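Tertiary structure, described
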Amino acid sequence: MNLQLVNQELFNGITCDVWRNDNHEIFMTTEQLAQCIGYQTRYGITKLVQKNKYLKNREFSVSAKLAHGDGKQYDTRVFTFEGIKEILFLAPKSETARKFREWTRRELSTAISESPHFEKNYHVIFADMLTALVTNGKYKSVRGMRKALGRPNAKLKQMLDSPKELQLLQTYESSITNLLDLGFDRHQIKVFLTKEKVPTDQSKDF
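This report concerns the structure included in the present document. (Residues numbered from 1 in each chain as written. Predicted model: local features only at pLDDT ≥ 70, side-chain atom pairs only at ≥ 80, totals over all residues. Heavy atoms only, no water.)

Attention now moves to the nonpolar core. Of all hydrophobic cores here, the largest spans 50 residues; its most connected members are Leu33, Ile176, Leu180 and Ile189. Broken down by element, this core gets its largest block of residues, 7 residues, from helix H6 (residues 122-134). Those residues in contact with leucine 33, other than ones at most four positions away along the chain, are Met28, Ile45, Phe79, Ile84, Ile87 and Phe100. If you look at the next biggest cluster of nonpolar residues, it comprises 7 residues, including Trp19, Phe27, Leu66 and Val78. (Core = buried A, V, L, I, M, F, W, Y, C linked by side-chain atoms within 4.5 Å. Buried < 20%, exposed > 50% of the residue type's maximum accessible area, 1.4 Å probe, protein only. Helix = DSSP H or I, 4+ residues; strand = E, 2+ residues; numbered from the N terminus. Contact = heavy atoms within 4.5 Å.)

This is the structure in structure tokens:
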């Protein structure tokens, strides 16, 4: 699997590298995840994986070649956001782990408000981005969807018909929250999530 370093963000004094694959999934290395949870070395995470073999499933982690300090590439286990959450569930409870858990599980509205890139109408901008993503570009804004469906006061969630769309909304909300907390601005998030997903003539409306 080819991974690209797309961002770095500080958590509790630790520089967290954010890696991405060609499918726009986000990953974190074993070593940095161990540091963020409060382990002295990466072997705390390694032991958890050895005891819980399912953590090697694609849903939670994969092995990828990453460059190390000596300039060479080595096989490294990297965790998806689902894997990070699972590790937090299994790891011994600590103040550091609690803070990291909060960092990865915040509400989207809070992440938007506390973004260092916050600007006027930021909540509306992301609501419209979610609308375009979940409806695959059929509607480009919450307001436009309300007008088309004749539901002037409805929220986006109330206008979605299928369990699949609701699940998709939850997935995108989680992704945007994580990306905001990792320091991405709205333009970077749009590129990250909308490439080959939303028609290009609608991207300018985000």
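Once the structure has been displayed, the description carries forward.
Residues three or four positions apart in an α-helix share a direction because the helix packs 3.6 residues into each turn. Among the residues of helix H2 (residues 43-51), Gly44, Ile45, Leu48 and Val49 are the ones counted as buried. Burial along H2 is one-sided: seen end-on, the buried residues are contained in an arc of 140°. Turned more than 90 degrees away from the buried face of H2, the exposed residues are Tyr43, Lys47 and Lys51. For H2, the secondary structure elements touched by its buried residues are helix H1 (30-37), strand E5 (73-79) and helix H3 (81-90). (Arc of directions from axis to C-beta.)

With that settled, consider the packing of aromatic side chains. Per the stated rule, a full pass over the model turns up 4 aromatic pairs. Taking 5.7 Å as the distance between ring centres and 70° as the angle between the ring planes, the aromatic pair formed by phenylalanine 118 and tyrosine 122 counts as edge-to-face. Tyrosine 122 gets classed as buried once you look at its relative accessible area, which sits at 1%. With centroids separated by 5.0 Å and ring planes inclined at 85°, the aromatic side chains of tyrosine 122 and phenylalanine 126 adopt a geometry described as edge-to-face. Taken as a pair, tyrosine 122 and phenylalanine 126 lie in helix H6 at a separation of 4 residues, close to a single helical turn. In terms of burial, tyrosine 122 and phenylalanine 126 fall into one category: buried. Each residue in the set Phe118, Tyr122 and Phe126 is aromatic and connected to the rest through ring pairs, giving one cluster. For arginine 42, the ring lying beneath its charged end belongs to tyrosine 43, and the centroid distance is 5.9 Å. (Phe/Tyr/Trp six-rings, centres within 6.5 Å; stacked < 30°, edge-to-face > 60°. Lys NZ or Arg CZ within 6 Å of the ring centre and 35° of its normal.)

For H6, with 13 residues, the first-to-last C-alpha span of 18 Å sits near the 18 Å given by 1.5 Å per residue. Burial within H6 is extensive, with 10 of its 13 residues counted as buried. Along H6, the positions that sit buried rather than exposed are Tyr122, Ile125, Phe126, Asp128, Met129, Leu130, Thr131, Ala132, Leu133 and Val134. Buried residues along H6 sit in contact with helix H5 (108-113), helix H7 (142-149), helix H8 (163-181) and helix H9 (186-194). Immediately downstream of H6, the backbone of asparagine 136 shows phi near 55°, a positive value. (Expected span 1.5 Å × (residues − 1).)

It is worth spelling out the pairing of E5 at this point. Summarising the sheet, strand E3 (residues 26-29) and E5 pair through 2 bridges and their orientation is antiparallel. Pairing of threonine 29 across the sheet is with valine 78, part of E5. (Pairing = 2+ DSSP bridges.)

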